[in-house]
Amino acid sequence: MNTFSKQYETAKNNSKEFMKNGQISAYFNALLEMNKYKRLMIAVVAN
């Protein structure tokens with residue numbers, strides 16, 4: 001769980017940087033990565 005939250009936070013920070021730099025495709029990929037880790041965290045908590 002702890003590693004998922006760290007990876008989520010790094011993806012979140014990356015997405016902010018990509019948006020500032022105007023890298024739209026990289027921004028969307030970072031958002032997808034954030035969504036993946038959020039779902040994994042929810043699955044871990046549910047079990």
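Scoring rules and cut-offs
Residues numbered from 1 in each chain as written. Predicted model: local features only at pLDDT ≥ 70, side-chain atom pairs only at ≥ 80, totals over all residues. Heavy atoms only, no water. Helix = DSSP H or I, 4+ residues; strand = E, 2+ residues; numbered from the N terminus. Buried < 20%, exposed > 50% of the residue type's maximum accessible area, 1.4 Å probe, protein only. Salt bridge = Lys/Arg side-chain N within 4 Å of Asp/Glu carboxyl O. Phe/Tyr/Trp six-rings, centres within 6.5 Å; stacked < 30°, edge-to-face > 60°.

A few words now on the overall build of the chain. Helices and strands together make up the secondary structure of the chain, namely two helices and zero strands. Judged by the C-alpha coordinates and their principal axes, the chain covers about 40 × 15 × 10 Å. Out of the 47 residues belonging to the chain, those deemed buried represent 17%.

This part covers the pattern of salt bridges. Enumeration according to the criterion identifies one salt bridge in this entry. A salt bridge links Lys20 to Glu17, with the shortest nitrogen-to-oxygen separation between them at 3.9 Å. Taken together, the residues Lys20 and Glu17, both in helix H1 (residues 2-21) and three residues apart, mark about one turn of the helix.

Let us look at the environment of Asn13. Secondary-structure assignment places Asn13 in helix H1. A relative accessible area of 42% means that Asn13 is categorised as partly exposed. Through-space distance from the C-alpha of Asn13 to that of Ala30 is 9.0 Å; in sequence the pair is 17 residues apart.

The subject of this paragraph is the packing of aromatic side chains. A complete count under the given rule lists one aromatic pair for this structure. Taking 5.6 Å as the distance between ring centres and 50° as the angle between the ring planes, the aromatic pair formed by Tyr27 and Phe28 counts as tilted. With a relative accessible area of 47%, Phe28 lands in the partly exposed category.

The next subject is the side chain of Ser15. Checked against the element boundaries, Ser15 lands in helix H1. The exposure class of Ser15 is buried, given its relative accessible area of 5%.

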